2 protein chains.
Amino acid sequence: MTLIAPNPPASAAPAVRHLSAAATARLLGHWRAGGPAYLALADALRSAVLSGTLAPLTRLPSERDLASVLGVSRTTTAAAYARLRDLGFAVSRVGSGTVAVLPRASSAEGLSGHRTAPAVPAGDAPAAERTEQEGALDLATQLDLGQATPSATPALHAAFARALESLPAFLATGGYAHHGIDVLRAAIADRYTARGVPTTPDQVLVTTGAQQAIALLAAVFVAPRETVVVESPTYFHGIEALRQTGGRVVGVPVGDVETLASAVRRTRPRLVYLVPDFHNPTGRSLTADERAFVRELVDRTGVTVVGDETLTDLALDDDAAVPAPFAGDGTSPHVVSVGSASKTFWGGLRVGWVRGPEQVVQRLARTRQSFDIATAVLEQLAVTELLGRRDEILPARVADLRARRDLLVDGLRAAVPGWDVPSPPGGLCVWVGLGRAVAQAFTAAAVAEGVRVSAGPSFTPDGAARDRVRLTFTRPPEELEDAVGRLARAWRRVTG
Amino acid sequence: MTLIAPNPPASAAPAVRHLSAAATARLLGHWRAGGPAYLALADALRSAVLSGTLAPLTRLPSERDLASVLGVSRTTTAAAYARLRDLGFAVSRVGSGTVAVLPRASSAEGLSGHRTAPAVPAGDAPAAERTEQEGALDLATQLDLGQATPSATPALHAAFARALESLPAFLATGGYAHHGIDVLRAAIADRYTARGVPTTPDQVLVTTGAQQAIALLAAVFVAPRETVVVESPTYFHGIEALRQTGGRVVGVPVGDVETLASAVRRTRPRLVYLVPDFHNPTGRSLTADERAFVRELVDRTGVTVVGDETLTDLALDDDAAVPAPFAGDGTSPHVVSVGSASKTFWGGLRVGWVRGPEQVVQRLARTRQSFDIATAVLEQLAVTELLGRRDEILPARVADLRARRDLLVDGLRAAVPGWDVPSPPGGLCVWVGLGRAVAQAFTAAAVAEGVRVSAGPSFTPDGAARDRVRLTFTRPPEELEDAVGRLARAWRRVTG
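Quick summary incoming for the structure in this document. Throughout this document, residue positions are counted from 1 along each chain, in the order its sequence is written. The lettering of chains begins at A and the numbering of ligands begins at 1, in the order of writing. Given that the model is predicted, a residue must reach a pLDDT of at least 70 before its local features are reported, and side-chain atom pairs must reach 80 or more before they are shown or counted; all residues, however, enter totals for whole chains, interfaces and linings. Hydrogens and waters are ignored; side-chain quantities use all the structure's heavy atoms.

**Some details on the overall build of chain A**
Right, so step 1: Counting its regular elements, chain A contains 16 helices and 16 strands.
Right, so step 2: Working definition: with a 1.4 Å probe on protein chains only, accessible area under 20% of the residue-type maximum means buried, over 50% means exposed, and in between means partly exposed. Of all 496 residues assigned to chain A, the portion counted as buried reaches 63%.
Right, so step 3: What makes two residues a contact is simply this: any of their non-hydrogen atoms within 4.5 Å. Long-range pairs, those at least 24 residues apart, make up 74% of the contacts in chain A between residues at least 6 apart in sequence.
Right, so step 4: Using the Shrake-Rupley algorithm and a 1.4 Å probe, accessible areas are obtained, with residue cover drawn only from the displayed protein chains. Of the accessible surface of chain A, which amounts to about 17,000 Å², a share of 53% is contributed by carbon and sulfur atoms. Numbered from the N terminus, helices here are DSSP runs of H or I no shorter than four residues, and strands are runs of E no shorter than two.

Listed below in structure tokens is the structure:
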């Protein structure tokens, strides 16, 4: 065995993205909050990492360059980077600058399974002590008004128990159902048919959550540099998935179907991605006329439109009846619907689906084999159970979410009268207008106060909506009440 | 509301790929079996669809072009296409030619959950009757020596029952654990550590099966037109996933690390993908020296190597001890290991993992959110249970697979003495040498005899290995015995 000759030059460090000083300044927007500049700058950068605007493993600009672009002293940027490092949100190495990272400690994503109430430090703790603790506390103990998944329906455990009774019939197989198991495909098809969209099981592909459905549609339809039209703002991970295959994502205002039509004519996109029901993040639903207009648009232009109906079941007001199905009569070869069990039942269930023309379903099913082969069988059996009990399950779930929405909306309106706090007729979040383009700074201040929220720019393809934040109302009432006070304090930090 | 003006030209048909006559001829290879040419041609095309060599929704060449390239009459190609249509494997439309599809009827992938033994027509049924039935029977009733997933371990049901007892602690959360739940990450890390690769939970990302791990590595490391080096042959869906992001896949012979080193120096790949243990499909394992050589190669060149250890647990011979971990002492920043619960426990469990440098894990975790957000929680709890009982579970599973391997290998050696039938020391399949480059024709003939096998070219980036087929031994002994006789008959059809 001959060892190979050394190769110049060995590149030992994993590849990272670079962010220029100018791009960093754009990303931070209006970052100055009250207090020392270096703390505000560190908070804004940390918040950008937490909200996903700044990807971990991004190399930040040099202290000198950033100071120059922001118009602050190099002492300020150096101190801000040092603080980021202390908090675990950056690492520096001689010769390779400062790189943004997520802290190594167990994160909020770790789901220990034993933590029920977050141990946020009391608001009246001495400032110095709180600053000391923040690094360790941020991720694990933030009140989470960022994540849009409610806790599980109480019916979940029983559904799994029944699913387990059905499992033995599958154990002699290899367990790979590339299109989904027959009973679930049939149950999903039946639901569409019952809603007035005649559907056969062959028109249904079971996916590993709605997120995979969007990623598959991107992989099958969108090649590098091809265009996808979306609403702006829209679902954050939707934008990400549509960009994953190199697509160019173009935004049009929510509900403005005339502009949508002109964008389609102008850009000839491969795909249009819409959230027609209780839109994330605005809560708006397309009217019946608007839906008909979109279907006519795609049938005339031959462009495929995806209607993401993940939130359809969550109509929170009595007068907000669930809108008519996006697919209309279900006959268009250009309309694809996406659905999910995550919001209706639980996010920890990873089951979604696509309803569309059979040929589209076949292409997606083929590509999904290179994604994850198939969706877990027991998960599918549990969702089959839950879909069968949907009408029993939903009223309590909707009532619960309605109460949480009202608590958050009323609380915010009272606590910060200057904000625009719309009450969404459905869905899981409030799209708050701050009245000033300070979303990044406010998000950073909120983290400092112990609350995770999502800055508006995360939801737009071009970093717009800097005067908006998205607040979810999926957490328990006591956490939402606590969060309202903290958010008001964070706002005072920003506005001085 | 103004309806938009009609747009010229409306393209109503979903996009399909086109396959030229020359490419079709290459794909078919030596397609002529015994019997009428149109039947052999139709069988070969159908087999190409079944084996995945010919993607559904591919537009086939015109009857005239194909006839010209194959040197047959147009009557033959027309009759072959007509038969494909009759069998449900093609559709034709005026003006848009003939398009390969998968049949609409419930497929083998549908997992009805109630079929235990396939109702293959008796071998002595009248030929005409069997031909009539084939279209409906092919997919639903083939003896499946194509899929490499055994039935579930008997311990699976109990593991899920125990997992269900642990589930309530998670139900108050949103259910999204982007890196995996803490207990499973710790259990996976402990297993590496116990095998001599010190590992912390932060170095582990739980994925939705090993397939997703490969797809994520492709998404993070491989941009369009960048190179990935793989063994040839190698895992079929691995090639697919690595090509999904536009990568160029280059093959080197299995176990030839010198050629691997020169390919790495020559092509400067972004990634090397290897199956070091009980390689799929050849069964070969890298020696300790070869492993050390590969680690030194990547540390010198800075190229990242992925060791897919999906089959590691399945050492079938007493003298085939599980090889030492591919990651060595686990300190290289360029070595990533992939593992899975699918082969050890069950394919219907969709849980795999990546073990690698923390920064790589963080990048993959971020990208996985646009793939499917997170892996299902109950699945992860069940795999945690199963990993804890691995030493109890494995002996019976291995003994079972060993008996099936021996049955298939001995049966094939006796039935077709001219074949090269190696007995693999581990894994799930036999890489049979036919002695002639007729894999496609044989695979087609096998389908006609009621057995699904995989043609060699599916496992190579360049369509080589036309003299090989892969046969899996995951099905019950009675099915394997039945299959051996059918495969011998299929071989006689091909060799006349």
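**A few points about the sheet that holds strand β13 (residues 429-433) of chain A**
All names here are of chain A.
Right, so step 1: The pairing criterion for strands is at least two bridges between them, as found by DSSP. One open sheet holds the 3 strands; their spatial order is β13-β16-β15, and the pairing between them is antiparallel. One side of each edge strand has no neighbouring strand; the edge strands of this open sheet are β13 and β15 (454-455).
Right, so step 2: Both β15 and strand β16 (residues 468-472) contribute to a ladder of 2 bridges, which runs antiparallel. Of the residues in β16, the one forming a bridge with alanine 455 is valine 469.

**Describing helix α15 (residues 439-448) of chain B**
Residue and element names in this part refer to chain B.
Right, so step 1: In terms of burial, α15 is a largely internal element, 10 of the 10 residues being buried.
Right, so step 2: Every buried residue of α15 is accounted for by Ala439, Gln440, Ala441, Phe442, Thr443, Ala444, Ala445, Ala446, Val447 and Ala448.
Right, so step 3: A positive backbone phi angle near 95° is found at glycine 450, which sits one or two residues after α15.

**Topic: the side chain of Asp308(A)**
Residues and elements named next belong to chain A.
Right, so step 1: Tracing the backbone shows aspartate 308 in strand β10 (residues 304-308).
Right, so step 2: One buried charge, aspartate 308, has no salt-bridge partner; the nearest side chain with opposite charge is lysine 343, at 8.7 Å.
Right, so step 3: Each residue touching aspartate 308, except ones within four places of it in the same chain, is listed here: Ile214, Tyr273, Leu274, Val275, Pro276 and Val338. For the charge count, each Lys or Arg is scored as positive and each Asp or Glu as negative, with His and the chain ends excluded. Any Lys or Arg side-chain nitrogen located within 4 Å of an Asp or Glu carboxyl oxygen qualifies as a salt bridge.

**Looking at the nonpolar core**
Nonpolar side chains tend toward joint burial in soluble globular proteins.
Right, so step 1: Note on terminology: a nonpolar core comprises buried Ala, Val, Leu, Ile, Met, Phe, Trp, Tyr and Cys residues joined through side-chain atoms within 4.5 Å. Leu167(A) and Leu167(B) are the most contacted members of the largest nonpolar core, which totals 104 residues.
Right, so step 2: Beyond its immediate stretch of four places on either side in the chain, Leu167(B) contacts Leu156(A), His157(A), Phe160(A), Trp346(A), Val377(B), Leu378(B) and Leu381(B).
Right, so step 3: In terms of nonpolar packing, the next biggest core, distinct from the first, is built from 68 residues, Val222(A), Val228(A), Leu217(B) and Val338(B) among them.

**A short note on the pattern of salt bridges**
Right, so step 1: What the rule picks out here adds up to 43 salt bridges over all chains.
Right, so step 2: Here Glu240(A) makes a salt bridge to Arg366(B), at a shortest N to O gap of 3.3 Å. Here the residue Glu240(A) occupies a position in helix α9 (residues 236-244), and Arg366(B) occupies one in helix α12 (residues 358-371), the pair thus bridging two chains. Residues Glu240(A) and Arg366(B) agree in their burial class; the two are buried.
Right, so step 3: The structure contains a network of salt bridges with shared partners spanning Asp43(A), Arg46(A), Glu449(A), Arg489(A) and Arg493(A).

**Points about the pairing of β10(A)**
All names here are of chain A.
Right, so step 1: Across the 5 residues that make up β10, a large majority, 5, are buried.
Right, so step 2: Of the two faces of β10, the one carrying Thr304, Val306 and Asp308 and the one carrying Val305 and Gly307 are both buried.
Right, so step 3: Pairing of β10 with strand β11 (residues 335-340), which is carried by 4 bridges, proceeds in the parallel orientation. For aspartate 308, the partnering residue across the bridge sits in β11 and is valine 338.

**Details of the sheet that holds strand β1 (residues 17-18) of chain A**
Residue and element names in this part refer to chain A.
Right, so step 1: A sheet is described by the order of its strands in space; here 4 strands give the open sequence β1-β2-β4-β3, paired in mixed fashion. For this open sheet the edge positions go to β1 and β3 (90-93), each flanked by a neighbour on one side alone.
Right, so step 2: Of the pairings in the sheet, the one linking strand β2 (residues 58-59) to strand β4 (residues 97-100) comprises 2 bridges and is antiparallel in character. Each bridged residue has a counterpart across the sheet, and for arginine 59 the counterpart in β4 is valine 99.
Right, so step 3: Here an angle of 0 to 180 degrees is reported between the N-to-C directions of two axes, which are lines fitted to C-alpha atoms, with helices fitted over the stretch in contact. Packing against the sheet, helix α4 (residues 74-86) makes contact with β3 and β4, and its axis sits at approximately 115° to β3.

**A closer look at the packing of helix α12 (residues 358-371) of chain A against helix α8 (residues 209-221) of chain B**
Right, so step 1: Closest axis-to-axis distance for the α12(A)/α8(B) pair is 7 Å, and the angle between their directions is 85°. Here α12(A) is positioned roughly perpendicular relative to α8(B), judged by the angle of their axes. For the pair α12(A) and α8(B), the contacting residues are Gln369(A), Ser370(A) and Phe371(A) in the first and Gln211(B), Gln212(B) and Ala215(B) in the second.
Right, so step 2: Here the nonpolar group is Ala, Val, Leu, Ile, Met, Phe, Trp, Tyr, Cys and Pro; Asp, Glu, Lys and Arg are the charged ones; every other residue, Gly included, is treated as polar. Taken together, the residues of the contact of α12(A) with α8(B) break down into 2 nonpolar, 4 polar and no charged. These descriptions rest on fixed angle ranges, namely under 35 degrees for roughly parallel, over 145 for roughly antiparallel, 65 to 115 for roughly perpendicular, and the rest for oblique.

**Structural notes on the side chain of Gln440(B)**
Right, so step 1: Assignment of secondary structure puts Gln440(B) in helix α15.
Right, so step 2: With residues up to four places along the chain from it excluded, the contact list for Gln440(B) reads Leu27(B), Leu28(B), Ala44(B), Ser47(B), Ala48(B), Thr53(B) and Ala455(B).

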